[in-house]
Amino acid sequence: MSSTQEKKRIWLKRKIRIRKKIISSAERPRLTIFRSSKHIYGQIVDDTTGTTIVAACSNEKTVKEQPKFDSKVAKAVFTGKLLAQRAMEKGVKKVVFDRNGFLYHGRIKAFSDGAREAGLDF
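This section reports on the structure supplied with the text. Remember, it's a predicted structure, so these values are computed and weren't measured experimentally. (Residues numbered from 1 in each chain as written. Predicted model: local features only at pLDDT ≥ 70, side-chain atom pairs only at ≥ 80, totals over all residues. Heavy atoms only, no water.)

## Some points on the side chain of Arg-30
(1) Moving on: Counting through the fold element by element, Arg-30 comes out in strand E1 (residues 30–35).
(2) Moving on: Within polar-contact distance, the side chain of Arg-30 engages the side chain of Asp-47 at 3.0 Å.
(3) Moving on: Engagement of the side chain of Arg-30 in a polar contact is seen with the side chain of Asp-98, the distance being 3.1 Å.
(4) Moving on: Apart from the residues lying within four places of it in its own chain, the contact partners of Arg-30 are Arg-19, Ile-22, Ser-24, Gln-43, Ile-44, Val-45, Asp-47, Val-96 and Asp-98. (Helix = DSSP H or I, 4+ residues; strand = E, 2+ residues; numbered from the N terminus. Polar contact = N/O pair within 3.5 Å; in protein donor to acceptor, adjacent residues only side chain to side chain. Contact = heavy atoms within 4.5 Å.)

## Brief notes about the pairing of strand E3 (residues 51–57)
(1) Moving on: Examined bridge by bridge, strand E2 (residues 40–46) and E3 share 6 bridges and lie antiparallel to one another. Residue pairing in the sheet places Val-45 in a bridge with Thr-52 of E3.
(2) Moving on: Where E2 folds back onto E3 in an antiparallel hairpin, the turn is made up of 4 residues, including Gly-50, whose phi is positive at roughly 75°. (Pairing = 2+ DSSP bridges.)

## Some thoughts on unusual backbone geometry
(1) Moving on: Even without being glycine, Asn-100 reaches a positive phi, approximately 65°.
(2) Moving on: You can see Asn-100 is positioned in the loop between strand E4 (96–98) and helix H4 (107–117).

## Examining the sheet that holds E4
(1) Moving on: If you trace the 4 strands from one edge of the open sheet to the other, you get E3-E2-E1-E4, paired in mixed fashion. Two strands close off the open sheet at either side, each with one partner strand: E3 and E4. Averaged over neighbouring strand pairs, the angle between their axes works out to 20° when direction is ignored.
(2) Moving on: Pairing of E1 with E2, which is carried by 6 bridges, proceeds in the antiparallel orientation. Across the sheet, Arg-30 pairs through a bridge with Val-45, a residue of E2.
(3) Moving on: On top of the sheet, helix H3 (residues 72–90) reaches E1, E2 and E3; it is set at about 145° to E3, its chief contact. (Axes fitted to C-alpha atoms, helices over the stretch in contact; angles between N-to-C directions.)

In short, the description is geometric, and any link to function would need to be established separately.
Given below as structure tokens:
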């Protein structure tokens, strides 16, 4: 097994372990994050119906129309704020945070801080 496959296997194990402990409801849907090497993706999911309520990612048109960001962390903060604004429009104020197996630092922390600044409660 290559080191890349091993890292992915370890990440999936961590993701499943974390996901077992997170309990979401219709009143408090789950905010889940995915981080790739270039972009960050966030979505708020209602697990009772299995639907995505709102989503935002760093490679969509509204983010690209902004002036150039200093770093990927700054782009993550803006994307988190964008997701929170969309959630507020849909009437979602409280969420359960799912870091999706990623460590809570860097872009993951920046995304969540941006969402908190815009009014999401978790």
